[in-house]
Amino acid sequence: MLETPRLVLRPYRRRDVVSIHDAVVASWADLVPWLPWATGYNRGSAAQFVRESQAAWQEGRAYDFTIRHLTGYGDGLGPPDPGRHLGGISIWYVSRVNLVGEVGYWVRSDLAGRGICTEAAARVLDYGFGELGLHRIVVRIAVGNRASERVAEKLGFRYEGTLRQEVKVGSTWLDHTVWGMLEDEWRNGGPG
Ligand SMILES: CC(C)(COP(=O)(O)OP(=O)(O)OC[C@H]1O[C@@H](n2cnc3c(N)ncnc32)[C@H](O)[C@@H]1OP(=O)(O)O)[C@@H](O)C(=O)NCCC(=O)NCCS
């Protein structure tokens, strides 16, 4: 479990299925344009995700966290509600040999724009460069997703290039931009 000033990030449990599904459905309009898994999402998808996430943790492949607001009033996130899934953030190994990881995230629509993603991602970057011992962490962002680019910029990621037609959302191929952060850059406050 990871903590930030306003949030708790913890691994998924089987009883999270309903709250994950509720959050995805409430955020569909913002998720579907960018994330292929969001289309057709149902309770079964959420249950499968939790099973796969638990297996990935056990095998040390990937670390998925549900973002929760457990305590704290007057912090801009409304009343604390541990039963509410605020969004998801994950970090996984791209290469164990080269110590490269990738981060992915989403935040429920009714709480977007309040700094949740940036706060959660900063903690996950600490986890990646610290506990996981990564040398380099990347984020891939579909071209046009300004909110996500803004998160990467605020964290200090550097734009490194564009991968052509790397992800298919619905019937549309989207380009992905790649953003990178090196461990020493993170320790020194971002690449500047
Ligand atoms: C991208 C996402 C995770 C951001 O979460 P969040 O908690 O709202 O992020 P933050 O509040 O930390 O920061 C968002 C920033 O983007 C900005 N932003 C939001 N929408 C924007 C838009 N359409 N154009 C430009 N900037 C935008 C916000 O103003 C904020 O920047 P600021 O602090 O300089 O004002 C969330 O919007 C989301 O889940 N989107 C759908 C799924 C997705 O795209 N996931 C990422 C895939 S790579």
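Please read all numbers here as calculations on a predicted model, not as lab measurements.

(A) Up close: the site of the ligand. Taken together, 22 residues sit near the ligand, with G113, G115, T118, N145 and K154 positioned nearest. Between the ligand and R114 there is a distance of 3.4 Å, counted from an oxygen atom to a backbone nitrogen or oxygen. One of the side-chain nitrogen or oxygen atoms of K154 is found 2.7 Å away from an oxygen atom of the ligand. Contact with the protein chains hides 70% of the accessible area of the ligand, taken as 950 Å² for the molecule alone. Only α1 (17-31), β5 (100-107), α3 (116-129) and α4 (146-155) provide two or more residues apiece to the shell around the ligand. The biggest single contributor to the shell around the ligand is α4, with six residues. Partitioning the shell around the ligand into residue classes produces 11 nonpolar, five polar and six charged.

(B) Summary view of the packing of aromatic side chains. Summed over all chains, the structure comprises nine aromatic pairs. With a centroid separation of 4.9 Å and an interplanar angle of 90°, the aromatic rings of W57 and Y63 are classed as edge-to-face. Among the aromatic side chains, those forming a connected cluster through ring pairs are W57, Y63, F65, Y93 and Y127. In this arrangement the basic side chain of R96 is found over the ring face of Y93, its NZ or CZ atom lying 4.1 Å from the centre.

(C) Quick peek at α4. Inspection of α4 places S148, E149, V151, A152 and L155 among the buried residues, and these make up the whole buried set. Buried residues along α4 cover an arc of 155° about the axis, so they all sit on one side. If you follow the buried residues of α4, they end up packed against β5, α3, β6 (136-142), β8 (172-182) and α5 (183-187). Of the residues one or two after α4, G156 is the one with positive phi, at around 95°.

Calculation notes
Residues numbered from 1 in each chain as written. Predicted model: local features only at pLDDT ≥ 70, side-chain atom pairs only at ≥ 80, totals over all residues. Heavy atoms only, no water. Near = heavy atom within 4 Å. Polar contact = N/O pair within 3.5 Å; in protein donor to acceptor, adjacent residues only side chain to side chain. Areas by Shrake-Rupley, 256 points an atom, 1.4 Å probe, with all protein chains shown as cover. Helix = DSSP H or I, 4+ residues; strand = E, 2+ residues; numbered from the N terminus. Nonpolar A, V, L, I, M, F, W, Y, C, P; charged D, E, K, R; others polar. Phe/Tyr/Trp six-rings, centres within 6.5 Å; stacked < 30°, edge-to-face > 60°. Lys NZ or Arg CZ within 6 Å of the ring centre and 35° of its normal. Buried < 20%, exposed > 50% of the residue type's maximum accessible area, 1.4 Å probe, protein only. Arc of directions from axis to C-beta. Contact = heavy atoms within 4.5 Å.

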